[in-house]
Amino acid sequence: MRLPEIVIDLEKIRANVRAISALTDPLGIEVVGVTKGVLGDVRIAEAYLAGGIKSFADSRWENLQRLRQAFPYVSLILLRIPGLSQIKRVIQWADISLNSDLEVLQALSEEAIRHNKQHKVIIMVDLGDLREGVWPRDLPEFTKKASVFSGIQIIGLGANFACYGGLIPTVEKLNQLVELADTMEGILGYSLAVVSGGNSANLRLILNQTIPRRINQLRLGEGILQGTESIQRQRLPGTVPDAFILRAEIIECYEKPTVPLGETGQDAFGRLPKFTDEGWRKRGILALGRQDVPLEGLILRDQRLKIFGASSDHLIVDLTEAGEITVGSIVDFNLSYGGLLGAMTSPYVEKRYV
Ligand SMILES: *Cc1c(COP(=O)(O)O)cnc(C)c1O
C-alpha cells in the first residue's frame, strides 16, 4: 500500500451519474461529463459513460488528449477558452471548444481548414459572472463576424455562472441566454443545436424544475463527483458524498501543548498563525500536507478528530478523543470539490479504484 491514497469508488460515481440523469433527462437536458476535477481520469470517464453520459469536457487539452486516446469516438469539449498559442492542440484534441474571441476563432478556422476539418464552437456570453464571455450587447456584431470563418461551425451559445463572481444562475438570467440564442439564430440563419446553460450551479433550477425549456445542455463536474449543486452545496436526491476517500498515515503521536513555546513569527507560508490555548492534547502528525491536498478541502470522517493545521508535508490533528489511534493508524477524509481537485492532481497521492 502507498499512502496517502485516494480511494475512488467507481460504482458510486456511476450511481451519481444515473441519479443526475434521472433529474435532467425528463427536462431534455444533456449532461456533459466534466473531468477537470479528476485530471481527465480515464477510469472515472468510463464510469461516466456507464452511467449514460455521451460527451466529456475538460479545461485542459492535456486531459482531452488522454481521453481521446482512450475513447476515440466520444465527443470532447474544451472548457477553457483557448489561447492563440494552443490552436494546433485544440484542433487536434477537441471536437468542440468554448470561445469568446474573434482572433482566436479565425486562427481555429484556419488551422481546421489546414486539416480538412470543421471545428465546432460554442460561443460564450458573459451574463455577469465577469469571467469569460462576449458582452451581450456585442454578441450580434460578434456573431456576424464569426460566421464568415468557414473552418468553424457555430453550434451553440453558452454561459457560465458562479465561478469568478459567484453569480447565481436564475430563471431571468437563463431567459436572457435563450433570447440571445434567438438573436444569434436570426443572424446565422439556422437554429443552434446547443444552448449550454452552465455548470453545477444550475442544478438548483433542475431541482425546482424552473430551468427554461430551451436550455438543452449542462456541463457538470461537481454535481456528478460530489453529488451536490454548487450554490449552497445541497445534496442531490439519490447521490452519495463519498465516491472519493483520502487516506493518510499517522507518523507521530504525542501529548503536547496547543500553543507554541516562546515568541512566534510567520509560518512556512508567510502567515501569522493564531492559536487557542486548549492545554495539552494528544496530537497526531499525518504524512499529508499542502503538496497533497489543500487543507481547506479536507473533511474528517471521524467526528472525534479535529484538524489543528498543516504545512507542506505534515497535517496535525487532535486525537485526544480517539484513544486507539496512534502511529501507523490510517485516518480517512471526505473531500470538498477543491480538495478532490488537489488530491487528484498531486503526483504524491496514489489512486486506488474500487
Ligand atoms: C469547470 C467548468 C464547468 C464545470 O463546473 P462544475 O461546477 O464542476 O460543474 C463548466 N463550464 C465551464 C466553462 C467550466 O470552466
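Our subject is the structure listed above.
Keep in mind that this is a model prediction, so the values were computed, not measured.

Undergrad: Just checking my understanding: could you explain the site of the ligand for this structure?
TA: The immediate surroundings of the ligand are formed by 14 residues, with Lys36, Ser200, Arg219, Gly221 and Tyr337 found nearest. In the model, an oxygen atom of the ligand is placed 3.1 Å from a nitrogen or oxygen of the arginine 131 side chain. At 3.4 Å, a side-chain N or O of asparagine 160 approaches a nitrogen atom of the ligand. Taking 380 Å² as the accessible area of the ligand by itself, protein coverage stands at 94%. Of the residues contributing to the shell around the ligand, the split by class is five nonpolar, four polar and five charged.

Undergrad: Help me understand the nonpolar core in this model?
TA: Nonpolar side chains tend to gather and get buried jointly when the protein is soluble and globular. Among the nonpolar cores identified, the biggest contains 92 residues, and Ile6, Ile13, Ile44, Ile123, Leu157, Phe244 and Leu246 are the most heavily contacted of them. The element that contributes the greatest number of residues to this core is helix α7 (residues 171-188), accounting for seven residues. Setting aside residues no more than four positions away along its own chain, isoleucine 13 makes contact with Ile8, Ile44, Ala47, Tyr48, Ile224, Ala243 and Phe244. Of all hydrophobic cores here, the second largest spans 11 residues; its members include Val32, Val34, Ala57 and Leu79.

Undergrad: I'm lost on helix α5 (residues 102-114) in this one. Help?
TA: Each α-helix turn comprises 3.6 residues. Residues three or four places apart therefore point the same way. With 13 residues, α5 should reach 18 Å at 1.5 Å per residue; the first-to-last C-alpha distance of 18 Å fits that figure. Burial in α5 covers these residues: Val104, Leu105, Ala107, Leu108, Ser109, Glu111 and Ala112. Taken together, the buried residues of α5 touch α4 (87-93), β5 (96-99), β6 (119-124), α6 (139-146) and β7 (152-158). The N-capping residue of α5, defined by a side-chain oxygen 2.9 Å from the backbone nitrogen of glutamate 103, is aspartate 101. Following α5 by one or two positions, asparagine 116 has its phi on the positive side, about 50 degrees.

Undergrad: How do you make sense of the environment of alanine 146 when you look at a structure like this?
TA: Residue placement: alanine 146 occurs in helix α6. As for alanine 146 and glutamate 46, which are separated by 100 residues in sequence, their C-alpha atoms are 35 Å apart. Setting aside residues no more than four positions away along its own chain, alanine 146 makes contact with Leu102, Leu105, Ile152 and Ile154.

Undergrad: Quick question: what am I supposed to make of the pattern of salt bridges here?
TA: Any two side chains of opposite charge can pair if their charged atoms end up close together. Using the criterion set out here, one finds 24 salt bridges in the structure. With a closest N to O distance of 3.7 Å, arginine 18 and glutamate 11 form a salt bridge. Judged by relative accessible area, glutamate 11 falls into the partly exposed class, the value being 39%. Glutamate 324 is the partner of arginine 304 in a salt bridge, and the nearest nitrogen-oxygen pair spans 2.8 Å. Highlighted residues: arginine 304 in the loop between β12 (298-300) and β13 (306-310) and glutamate 324 in the loop between β14 (315-318) and β15 (330-335), separated in sequence by 20 residues. According to the relative accessible area criterion, arginine 304 is partly exposed, its value standing at 34%.

Undergrad: I would appreciate a short explanation of the pairing of strand β10 (residues 244-257) in the present structure.
TA: It is a general feature of regular strands that their side chains alternate between the two faces of the sheet. Note that strand β1 (residues 5-8) and β10 share four bridges and pair antiparallel. Bridging across to β10, isoleucine 6 finds its partner in leucine 246. Pairing of β10 with β15, which is carried by four bridges, proceeds in the antiparallel orientation. Its bridge partner lying in β15, glutamate 249 is registered against isoleucine 330. Alignment of β10 against strand β11 (residues 280-286), held across seven bridges, turns out to be antiparallel. When the sheet's bridge partners are listed, proline 257 is paired in β11 with tryptophan 280.

Undergrad: Would you take a moment to explain the packing of aromatic side chains for this structure?
TA: Here a ring pair, both rings aromatic, is described through the centre-centre distance and the interplanar angle of the planes. The final tally for this structure, using the stated rule, is two aromatic pairs. Measuring from ring centre to ring centre gives 5.4 Å for phenylalanine 56 and phenylalanine 71, while their planes differ by 70 degrees; the resulting arrangement is edge-to-face. Within this pair, whereas phenylalanine 56 is found in strand β3 (residues 55-58), its partner phenylalanine 71 is found in the loop between α3 (61-70) and β4 (75-78), the two being separated by 15 residues in sequence. An aromatic cluster of at least three residues, connected via ring pairs, comprises Tyr48, Phe56 and Phe71. Positioned over the ring face of tyrosine 353 is arginine 43, at 4.5 Å from the centre of the ring. Taking the ring centre of phenylalanine 308 as reference, the NZ or CZ of arginine 283 above it sits at 4.6 Å.

Conventions and cut-offs
Residues numbered from 1 in each chain as written. Predicted model: local features only at pLDDT ≥ 70, side-chain atom pairs only at ≥ 80, totals over all residues. Heavy atoms only, no water. Near = heavy atom within 4 Å. Polar contact = N/O pair within 3.5 Å; in protein donor to acceptor, adjacent residues only side chain to side chain. Areas by Shrake-Rupley, 256 points an atom, 1.4 Å probe, with all protein chains shown as cover. Nonpolar A, V, L, I, M, F, W, Y, C, P; charged D, E, K, R; others polar. Core = buried A, V, L, I, M, F, W, Y, C linked by side-chain atoms within 4.5 Å. Buried < 20%, exposed > 50% of the residue type's maximum accessible area, 1.4 Å probe, protein only. Helix = DSSP H or I, 4+ residues; strand = E, 2+ residues; numbered from the N terminus. Contact = heavy atoms within 4.5 Å. Expected span 1.5 Å × (residues − 1). Salt bridge = Lys/Arg side-chain N within 4 Å of Asp/Glu carboxyl O. Pairing = 2+ DSSP bridges. Phe/Tyr/Trp six-rings, centres within 6.5 Å; stacked < 30°, edge-to-face > 60°. Lys NZ or Arg CZ within 6 Å of the ring centre and 35° of its normal.

Read these as layout, nothing more, since geometry by itself doesn't imply function.
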